[in-house]
Each structure stands twice: as structure tokens, then as C-alpha cells.
Amino acid sequence: SVTERTYIMVKRGFKLIALKLVHATPEHLEKHYADLAGRPFFPGLIKYMASGPVVGMVWQGLDAVKTGRAMLGATNPLASNPGTIRGDFALATGRNICHGSDSVENAEKEIQLWFPEGVVQYTNDNEKWIFE
Ligand code: DAT
Ligand code: MG
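None of these values were measured; they are calculated from a predicted model.

Definitions and limits used
- Residues numbered from 1 in each chain as written.
- Chains lettered and ligands numbered in written order.
- Predicted model: local features only at pLDDT ≥ 70, side-chain atom pairs only at ≥ 80, totals over all residues.
- Heavy atoms only, no water.
- 1 Å grid on protein atoms, 1.4 Å probe; cavity = no way out; pocket = protein on both sides within 12 Å on 5 of 7 lines; lining within 4 Å.
- Points joined across faces, edges and corners; volume = space filled by probe spheres on them.
- Helix = DSSP H or I, 4+ residues; strand = E, 2+ residues; numbered from the N terminus.
- Nonpolar A, V, L, I, M, F, W, Y, C, P; charged D, E, K, R; others polar.
- Buried < 20%, exposed > 50% of the residue type's maximum accessible area, 1.4 Å probe, protein only.
- Contact = heavy atoms within 4.5 Å.
- Salt bridge = Lys/Arg side-chain N within 4 Å of Asp/Glu carboxyl O.
- Near = heavy atom within 4 Å.
- Polar contact = N/O pair within 3.5 Å; in protein donor to acceptor, adjacent residues only side chain to side chain.
- Areas by Shrake-Rupley, 256 points an atom, 1.4 Å probe, with all protein chains shown as cover.
- Sits in = over half its atoms within 2 Å of the grid points.

### Some points on the layout of surface pockets
Here is step 1 of the chain: Considering only enclosed or pocket space, the largest pocket measures out at about 680 Å³ in volume.
Here is step 2 of the chain: H32, Y33, L36, L45 and H99 are the residues nearest the centre of the largest pocket, which is lined by 26 residues in total.
Here is step 3 of the chain: When contributions to the lining of the largest pocket are tallied by element, the ones reaching two or more residues are α1 (26-32), α2 (42-49) and α5 (104-114).
Here is step 4 of the chain: In the lining of the largest pocket, the residues fall into nine nonpolar, nine polar and eight charged.

In C-alpha cells form, the structure reads like this:
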């Protein structure tokens, strides 16, 4: 639907409805990546993602989840097309630099985890102020 939302870090005509710089704690990231707990790379993933701040964003628009994933590229940057974030800027699976929700349901969970204060409600009507 046209109000579908995802948690991604890039723009393509979507509406930005939340953004913040967060230096997440390992505990926060363990919740975010809970599905992967127990995998051999899990401790390294948490350390990597907690090593510095990330820019968290919520973008809204048609097919935001699927289009967001397409823009990120494949989990392994080696399999990511040029023009995708991972295909252009990452080399290794364990250091693939970005995250995007993989389903509408998970997106809503992740938005709640990263933006418990809620997103910003607004309409894009700046022009009437700029050209008044
Ligand atoms: P994605 O981020 O494409 O949704 P995922 O949810 O399966 O991929 O895994 C989350 C992150 O965990 C992934 O972006 C990088 C890391 N990861 C996944 N599989 C890995 C592996 N085999 N070795 C090292 N890191 C891995
Ligand atoms: Mg994932």
C-alpha cells in the first residue's frame, strides 16, 4: 500500500519520516538482530555495528521494503550489483555497512525499536512558504 514503511538508509523518492544518529549499545543491537543470535558471526556483527554511530531512518512510499532491499544490494557485496549501496561501497558480508528491513512486519518492529518516540507526521507543502 502507499503507506508501507521500511527502515533503510537511502532515498529514492520516498518520504523521510524519521532520522537520527545513534551510537547503539550491544544490547540494543542484540534485539535488532535477535533472529541471528546463535550464529557464529553474531558476536562480531554486534561489535561491528556498535563500533560507531549509525544513521537510522524511516522512509515511506510504494513498496518501500522491497525497493529498499533492492537499493541495498545482496547480503554478500560480491553478489551485489554496481549501483547498489553494498555493490558500490562494501566488500565483505560481515562488513556490508547497511541494513534494510526484510518484511513489512519486521519493518514495523524495527521502527518501534529504533524510534520508540514515533515518526514525524507532515505533508510536503514547503513550496507555499518558499514562494509566498
Ligand atoms: P541482510 O542484512 O542482507 O538482511 P541478514 O539479515 O541475513 O542479511 O544478516 C544480517 C547481517 O549479518 C548481514 O547484513 C551481515 C551479517 N551476516 C549475515 N550472514 C553472515 C555471514 N555468513 N558471515 C558474516 N556476517 C554475516
Ligand atoms: Mg536481515
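### Things to note about helix α3 (residues 64-72)
Here is step 1 of the chain: The set of residues buried in α3 consists of A64, V65, T67, G68, M71 and L72.
Here is step 2 of the chain: Check the buried side of α3 and you find it contacts β1 (5-7), β3 (54-60), α4 (85-89) and α5.
Here is step 3 of the chain: Phi turns positive one or two residues past the end of α3, at G73, with a value near 95°.

### What about the pattern of salt bridges?
Here is step 1 of the chain: For the coordinates displayed, the defined rule picks out three salt bridges.
Here is step 2 of the chain: In this structure, R5 and E108 form a salt bridge, with 2.8 Å as the shortest nitrogen-oxygen distance. Taken as a pair, R5 in strand β1 and E108 in helix α5 lie far apart in primary sequence, 103 residues in all.
Here is step 3 of the chain: For K20, the salt bridge identified is with E117, shortest N-O distance 3.0 Å. Taken as a pair, K20 in strand β2 (residues 15-22) and E117 in the loop between α5 and α6 (127-130) lie far apart in primary sequence, 97 residues in all.
Here is step 4 of the chain: Judged by its relative accessible area of 25%, K20 falls in the partly exposed class.

### Quick word on the site of ligand 1
Here is step 1 of the chain: Near ligand 1 the following residues occur: Y33, L36, F41, L45, R69, T75, R86, T93, G94 and N96.
Here is step 2 of the chain: Within the contact set of ligand 1, an oxygen atom lies 3.0 Å away from a side-chain nitrogen or oxygen of R86.
Here is step 3 of the chain: Here an oxygen atom of ligand 1 sits 2.7 Å away from a polar atom, N or O, in the side chain of N96.
Here is step 4 of the chain: Here ligand 1 loses 72% of its free accessible area of 520 Å² to cover by the protein chains.
Here is step 5 of the chain: One can see that ligand 1 is located within the largest pocket.
Here is step 6 of the chain: In the shell around ligand 1, the residues fall into four nonpolar, four polar and two charged.

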